[in-house]
Amino acid sequence: MKVLRWFSLWFFIVLGMCLQGALVGSLLFVIGGLLLGMDLSVPQLALNGLKDGAFLALIWAPGTGIVVCFIKAYGQVRNSTPAFPKALDRDDKEI
């Protein structure tokens, strides 16, 4: 059950990042295309931006999702373990 929970968290992070990349790419392609006077129509610019933005986000999304899952797992272990060692500075004082 835990594996399914962590996989679903990772999947939704990847999905969310790809959707955000697609929306931002679509918006930027339309604005840039209109400012540069491209010969493409607004829907064509939006579709090209949607594809490129989603692809660029897909490059970063899986790794980011894994890192977020590890950070959350570390936080859960740290909060559930009472004898977890505390961070110390150079003078061995608790931070």
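This text follows the structure it describes.
Predicted model only: the values in this text are computed from it and were never measured.

J.: Sorry, what's going on with a nonpolar patch on the surface here?
T.: A cluster of nonpolar side chains, Leu-27, Ile-31, Leu-35, Leu-36, Met-38 and Leu-40, forms an exposed patch at the surface whose accessible area comes to about 640 Å². You can see Leu-40 is positioned in the loop between α1 (2–36) and α2 (42–80).

J.: Just to check I follow, could you spell out the packing of aromatic side chains for this structure?
T.: The relation between two aromatic rings is expressed through the spacing of the ring centres and the mutual angle of the planes. All chains considered together, the criterion is met by 3 aromatic pairs. For the pair Phe-7 and Phe-11, a centre-to-centre distance of 6.5 Å together with 25° between the ring planes defines the contact as stacked. Placement of the pair is Phe-7 and Phe-11 together in helix α1, with a separation of 4 residues, close to one helical turn. On the basis of relative accessibility, which here comes to 47%, the residue Phe-7 falls in the partly exposed class. Aromatic ring contacts, followed pair by pair, group Phe-7, Trp-10, Phe-11 and Phe-12 into a single cluster. One Lys or Arg, Arg-5, reaches over the ring of Trp-6 and ends 5.0 Å from the middle of that ring.

The rules behind each value
- Residues numbered from 1 in each chain as written.
- Predicted model: local features only at pLDDT ≥ 70, side-chain atom pairs only at ≥ 80, totals over all residues.
- Heavy atoms only, no water.
- Patch = residues over 30% accessible without salt bridge, like charges linked within 9 Å, V, L, I, M, F, W, Y side chains within 5 Å.
- Areas by Shrake-Rupley, 256 points an atom, 1.4 Å probe, with all protein chains shown as cover.
- Salt bridge = Lys/Arg side-chain N within 4 Å of Asp/Glu carboxyl O.
- Helix = DSSP H or I, 4+ residues; strand = E, 2+ residues; numbered from the N terminus.
- Phe/Tyr/Trp six-rings, centres within 6.5 Å; stacked < 30°, edge-to-face > 60°.
- Buried < 20%, exposed > 50% of the residue type's maximum accessible area, 1.4 Å probe, protein only.
- Lys NZ or Arg CZ within 6 Å of the ring centre and 35° of its normal.

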